[in-house]
Amino acid sequence: MERAQLIASIESGRQLGVRKYMDIVGTHISYTYAIQKLNGRYIVFVDEYDVDRYYENELEDTEKVTVYDTLDEFFDNFITKYDVSPEDFCKSKGSKYFNAEFYRHLT
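This text gives an overview of the structure that appears in the document. (Residues numbered from 1 in each chain as written. Predicted model: local features only at pLDDT ≥ 70, side-chain atom pairs only at ≥ 80, totals over all residues. Heavy atoms only, no water.)

Attention now moves to unusual backbone geometry. The phi torsion of most residues other than glycine is negative, and most of the peptide bonds are trans. With a phi angle near 55 degrees, asparagine 39 is a residue other than glycine that sits in the positive phi range. Mapped onto the secondary structure, asparagine 39 falls in the loop between β2 (27-38) and β3 (41-50). (Helix = DSSP H or I, 4+ residues; strand = E, 2+ residues; numbered from the N terminus.)

Printed below as a string of structure tokens:
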């Protein structure tokens with residue numbers, strides 16, 4: 001998705017995200033990154049965990065949520081930090097990436 005499309009979709013309230021699986025020196029890592037605008041703020045969801053050790057660590061909190069006031073903050077901080085590009089984001093197929101309503105109190 002091009003940056004302009006990504007911005008338009010986010011501004012319309014759609015939830016968009018990225019799911020990636022990487023093999024890093026024999027460790028299989030699952031990444032989920034997602035964003036949704038709610039009450040004029042941008043909720044960004046991150047879930048990262050070692051697939052091979054998921055059940056050992058299932059009680060650990062692997063999810064992080066950050067709230068940004070502007071999309072510029074999102075692009076300047078999140079996109080750079082997690083090395084994803086606007087082209088990586090897409091609508092979810094089936095269930096949503098995260099329940100934005102759960103984080104409504106943060107907006």
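Looking now at helix α1 (residues 3-11). Listed as buried for α1 are Leu6, Ser9 and Ile10. When α1 is viewed along its axis, its buried side chains cluster within an angular range of 95 degrees and face the same direction. Lining the buried residues of α1 we find β1 (16-24), β2, β3 and α2 (71-82). Within two residues after α1, glycine 13 carries a phi angle of roughly 95 degrees, on the positive side. (Buried < 20%, exposed > 50% of the residue type's maximum accessible area, 1.4 Å probe, protein only. Arc of directions from axis to C-beta. Contact = heavy atoms within 4.5 Å.)

As a further point, take the nonpolar core. Counting 20 residues, the largest nonpolar core has Tyr33, Ile35, Phe74, Phe78 and Phe89 as the members making the most contacts within it. Sorting the residues of this core by element identifies α1, β1, β2, β3 and α2 as the ones contributing at least two each. With six residues, α2 is the single largest residue contributor to this core. With residues up to four places along the chain from it excluded, the contact list for phenylalanine 78 reads Tyr33, Val44, Val46, Tyr68, Glu73, Val84 and Phe89. Core analysis: the second largest hydrophobic core is formed by eight residues, Leu38, Ile43, Phe45 and Tyr103 among them. (Core = buried A, V, L, I, M, F, W, Y, C linked by side-chain atoms within 4.5 Å.)

So, on to the packing of aromatic side chains. One pass over the structure, following the stated rule, counts eleven aromatic pairs. Taking 5.3 Å as the distance between ring centres and 15 degrees as the angle between the ring planes, the aromatic pair formed by phenylalanine 74 and phenylalanine 78 counts as stacked. Of this pair, phenylalanine 74 and phenylalanine 78 both sit in helix α2, four residues apart, roughly one helical turn. Pair check on accessibility: phenylalanine 74 and phenylalanine 78 agree, each one buried. (Phe/Tyr/Trp six-rings, centres within 6.5 Å; stacked < 30°, edge-to-face > 60°.)

What follows concerns the pattern of salt bridges. The full count for this structure, using the stated rule, is four salt bridges. The partner of arginine 41 in a salt bridge is aspartate 69, with the nearest N and O atoms 2.7 Å apart. Linking arginine 41 in strand β3 with aspartate 69 in the loop between β4 (63-68) and α2, this pair joins segments that are 28 residues apart in sequence. With relative accessibility at 25%, the residue arginine 41 sits in the partly exposed group. By relative accessible area, which is 45% here, aspartate 69 ends up partly exposed. (Salt bridge = Lys/Arg side-chain N within 4 Å of Asp/Glu carboxyl O.)

As for its position among the elements, tyrosine 31 is in strand β2. Remark: the alpha-carbon pair of tyrosine 31 and glutamate 48, spanning 17 residues in sequence, is separated by 4.6 Å. In this structure, tyrosine 31 is in contact with Val18, Arg19, Lys20, Met22, Ile24, Asp47 and Glu48, ignoring residues within four places of it in sequence.

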